Amino acid sequence: MALWERYHTPRTVADALACLARYDGRARLIAGGTDLLIDMQHVENGEHPLAALVDVTTISEMTKVSAQNGWLRVGAAVTHTSIVKSSLVEKYATCLVESCGVVGGLQVRNVATLGGNVAHALPAGDGTTSLVALGADAEVAWKNGLREWLPITQIFRGPGVSALDSRQDVLVGFRFRCSRDGEASAFKRIMRPQGVALPILGCAVWVQLDEDRRVLKDLRICISPVDRVPVLATEVENALRGREISEALVREVASAARDKLHPRASKYRASAEYRSHMIETLLNQVLPLAIERARSGIARAEGVGLG
Amino acid sequence: MTELRLNINGVDHDLDVSESLTLAALLRQELGLTGTKIGCDEAECGICTVHVDGIPVDSCIYPAFKAQGRSVRTVEGLACRAASDEEQLHPLQREFINHCAVQCGFCTPGLMMTAAALLDENPEPEDRDIKVALKDTYCRCTGYTSVLRAIHSAGRVMRGEEPLPPGEPEVVTPLKSIGHSELVPDIVDRVTGRAKYTDDYSFPGMVFARTLRSAHPHAIVRHIDTSRARALPGVLAVLTRADVPGENAHGIVTLDWPVLVGENEVARYTGDAIALVAAGTADIAEQALRLIDVEYEPLPVVADPVYAHSPDAPLVHAGREGGNLLKHIKVRHGDLQRGFDEADVVVERTYRTPIIEHAFLEPECAIGVPPGLDDEHQKLTIYVGSQIPYQDRNQVARAMDLPDEQVRVRGTLIGGGFGGKEDIAGQIHVAMLADALQRPVKLLYSRQESLLFHPKRHATVIRIRTGARRDGRLTAVEAELYGDGGAYASLSDKVMTRATTHATGPYDVPHAKIDCYAMYTNNPPAGAFRGFGVTQSAFAVEQNMDLIAEELGMDPIELRHINAQKVGVVTATGQKLRDSVGLLETIRICDEDLRGKVNGNFRWGWREGDLAWGWGVACAYKNTGLGGGAPDKSAAEVEAFDDGTVEVRTSSADMGQGLVAVLAQCAAEELGLPYRQVRVLLSDTDLTPDGGPTTASRQTFMSGNAVRHAAIGLRDALSSVLSEEHDRPPDLLRFEEGLVRVNGSSVSFGDAVRLARSQGIPTRIQHEYWGPKTQPLGTGGDMHFAFSYATQIALVSVDINTGVVHCEKIISATDVGRAINPMLLQGQIEGGIVMALGNALTESFIVEDGVPWSTLLARYKMPSIKHTPEIVSHLVEDPAIEGPYGAKGVGEIPSINTMPAITNAIYNAIGVRVFSLPVDQDALLLALRHGETEVHSAWHDVRETKQQV
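The sections below set out a description of the structure shown in this document. If you're wondering where the values come from, they're calculated on a predicted model, not measured in any experiment.

## Observations regarding the overall build of chain A
Move 1: When its secondary structure is counted, chain A shows 11 helices and 13 strands.
Move 2: Relative to its length of 307 residues, chain A is compact, with a C-alpha radius of gyration of 19 Å against a globular reference of 19 Å.
Move 3: Along the first, second and third principal axes, the C-alpha set of chain A runs to 60 × 45 × 30 Å.
Move 4: The proportion of buried residues among the 307 residues of chain A is 56%.
Move 5: For chain A, contacts bridging at least 24 residues in sequence account for 69% of all contacts bridging at least 6.

## What to know about the interface of chain B and chain A
Move 1: The interface is formed by 51 residues belonging to chain B together with 49 residues belonging to chain A.
Move 2: Where the side of chain B that touches chain A is concerned, the elements lending two or more residues are β4 (55-58), α4 (127-134), α8 (282-289) and α23 (921-930) of chain B.
Move 3: Considering every element that reaches the side of chain B that touches chain A, the biggest residue donor is α23 of chain B, with 5 residues.
Move 4: Of the residues that constitute the side of chain B that touches chain A, the class distribution is 19 nonpolar, 15 polar and 17 charged.

## Notes on the environment of Gly-911 of chain B
Move 1: Within the secondary structure, Gly-911 of chain B sits in the loop between α22 (898-910) and β37 (913-914).
Move 2: Considered as a pair, Gly-911 of chain B and Ala-927 of chain B are 16 residues apart in the sequence and their alpha carbons are 9.8 Å apart.

## Digging into the packing of helix α2 (residues 91-98) of chain B against helix α3 (residues 108-121) of chain B
All names here are of chain B.
Move 1: Between α2 and α3, whose axes approach to 10 Å, the crossing angle comes to 130°. Classified by the angle their axes make, α2 and α3 are oblique. When you trace α2 past α3, the crossing you get is right-handed. Residues Leu-92, Gln-93 and Phe-96 of α2 form the contact with α3, whose own contacting residues are Thr-108, Met-112, Ala-115 and Ala-116.
Move 2: Across the contact of α2 with α3, the residue classes break down as 5 nonpolar, 2 polar and no charged.

How each quantity is defined
Residues numbered from 1 in each chain as written. Chains lettered and ligands numbered in written order. Predicted model: local features only at pLDDT ≥ 70, side-chain atom pairs only at ≥ 80, totals over all residues. Helix = DSSP H or I, 4+ residues; strand = E, 2+ residues; numbered from the N terminus. Rg over C-alpha atoms; globule rule 2.2 N^0.38 Å. Buried ≥ 20, exposed ≤ 12 C-beta atoms within 10 Å, placed from the backbone. Contact = placed C-beta atoms within 7 Å. Nonpolar A, V, L, I, M, F, W, Y, C, P; charged D, E, K, R; others polar. Axes fitted to C-alpha atoms, helices over the stretch in contact; angles between N-to-C directions. Parallel < 35°, antiparallel > 145°, perpendicular 65-115°, else oblique. Left-handed = near helix turned anticlockwise from the far one by under 90°.

Right, here's the structure in full:
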């Protein structure tokens, strides 16, 4: 079934907005299209062929990765492969490479974009989980042409529902502070070999150590899915913030998190109890990994490609 | 229409095409580059991979206009032309051939394109790099071991090093042709994209069809209104039940499956066909389906075989004698009570196996061509990749109310079958549409429709009680099996009979009572699937064996050794085994490989950090041939030509296993011809005699024998002519190297043929080979004429923090009688093992109250290259007296014992036994945390809870 009629490749965000406006809700944005086209064809059964797709991967400001003044900027149309291969991202946001590196297979990562992952607004999107832990902001171009930076968590409204309407708004890109000396991040997830390729649980951690590298000065943890939208695990963060690092502390906090956070069961993915155990398992793995990276200053992404 | 500028395989194109095309559709439909295959339309299977500016992408969901101004490379662009215009294969193409990494060939373009991009970027990849690159490019045939090796080898060639030698298994001394790893003749076509599968054919005036299927798993169809669909511009025909010219039924064993469900008839599963639409394009046909209004009266659903057997279950086939009980199958052997009285230990457990989907990478496709289209089509012709062409012809003829002879079925290449292309899919439907429109009609199923429609592996519930003496001798087996046959009979009777008769395992069991209930339900029909019921019962049998061993404190290999079938043993069906029982040798070889070098330091399970490791063993046997008293025959003909070549013809199907090579080798062997002088024509009901169904691991044995005997007949005919001509007794003639030697002089084979022809001696010999007679179950005697045997040992790791299980290694030994083509045979073993690994760890086709949940390939994960374990496969050649050169079947035996080997290994690793498949890491971890030793739930049992955050 033809799923769309016209295919547009605007060169600027303004052109994209104008193009969408022209179709007045009968066109949608496409980036990699690896989720969108499958949804249109198999979930929506191609019931409503779109008048047009508006491809944002030809907009140069949306396909760049750049570091400036201590901030890393990643365009929304940057592919997962580009992120995985970016030495800038690996150095300044290791967890983002690790999460983008386990999405799909190679062919999908070659076209699927970080913006697409976020726009899909899944409670456990891999790239999303890391962006939340990195404390990222997202830049949105609203239909009226206004540009706005929003904290990433404000993008999500519910499972699969974002604040943006892909028939009129454009998600332009992301920014977050580059990890500096004594700071680092890490991401891991638990999958099962059956059924849909959504994580049972993903966990991204960003840590900031004190000068002696003994105390957790600050940190952000995103464990997903534990809620209808990606959220920071504030309670867990609070239990660690300002504390002196020890194996026992990590174990104790991980164990407490297992009992405190209440992930739900989801059909053909995981029981609630299993997810609780995985919270402990992941924290026990990801926290020490991030801390080790912050201490050593060496951050090499792990596990890329075989998620 | 807008201009699309692309460079495709080095050639610039300015195309005026629709903007709504995907890249795959553009390549296949607009440009005729059909080497790029579509397997799922979901970016799941990866076989549609092409390069855009050197980057591999899934072309099935890549908008063609996304590639505007870029370079696209497809499989057709892999090879290059030398100055002499000779085709120079890419190193990947050559090494895929050399390492036998091509079976059905349907996924091959995708594998090679993905690998080509990898090698361009990383000329010296490690195993891990290859697994990362090819993780989402599936192959259902090879098991990936040969693919890995081929890619490494191609990398070496591209770096200017020597290629890797093919990993040929050790075999007994080869004959002239038998025992050599000859290449499948069309192998170059399969690596260049030239090989044509059904959807790659096109005929003048061809139109496209789609099928409307039932909206309910069980409902009376009250009214069908097609008027809106007929009115849609571009729609050429809408057919319903009233348009079926002949009998409205098909079925391989029982004619209980309607061609189309009509008004006031019952739809019995969600794959039942209600109406057919043909239109100028597949898109219009698809749109028209949505305009057909059907009123249903839903009926209560029978969703479970055990429930189906209860008196209050609704009837799936109302009025049928026997109700939902499709078949009660019984094995009675010895005196069960006495057997259990003699037992010192008895174990009893219940096992569950799920519905399994074949997921052959080529979805079903059929093309109907009306009589008189051109010289080649004098009668109604069906193009289809089918495992049973003659039965297709009969079923089409019956539904079309035509004599069999007025229908021709022409088999195309088959992109994988595994048992799933035995039943009728679109064959009758395209016949009806072609007849109605007098135009060629193509009916291609989408992946999603294929998932919904075709028969699957039976889900089973198996309770089994096993008794043994303190010395390890088995005394009795009692078992009760339930098989979910789904809505229609298909091959349920046969499949579940095989599950029942093999439920003692390959052991000497003096007393047995086994009852199996094959049930009708409103689930998708279940039918043939590699392993044919034995895969299910072996899962139960072989875990009970380990439970017995544990009770006895005995080594599990030792227990199997003590009880292994050998010549002289009488099976539970009363068959005395007389020859070719190589089980003990397979056990010995695996044992030797496992712990021959460890000097008593061997442990079945151990811990290393957070990983628990375990080895697990399981044995298997599987019949070759139909057996059970069914007349089993195969016909083949061999024709010799003046140019010294020979053509072998039989309707048997090659779905990737390499039958073409095996048959050519049989003819070459008998006629002393170089292999390349033998051509093989398969699967054409007008040109090839009936080779019978390609099922039950039977074709090497059956068609191999038919070809062998036909070739001997031809040789005898030529001998008699030459012996007269040279005045020498025929037994002094030697057929070798394409010559016939007579006392120091020789004539070429072609000259011998010419001479025979000049004397009016026929040089086309047909032979109908009848397999040794077998007996129906319950009558004693030989139920089967041969069995293959195997032992497998699996190594698994279990992460004790997550429950995640990996199968790291499989040691396998398989008694195949005789390896006619060792590399092809090894490919069957590796592929069979990985397929069964999927049954154990990744696969379950989920149906909820009659409605499939597994409606997308994204919801049905088969093993990917990342799951592929190291496979060490040994061959045992204990010749079958009746088999051609001693050969017996190999197609199914590798898929039988992998599952229990893996679950036994899991138990040895962590002390938790898995009774239901596929293994659920969730349940496994919780069992570990709660100190439980048995898991009776599987992945598909993981449900939502009401609890919200």
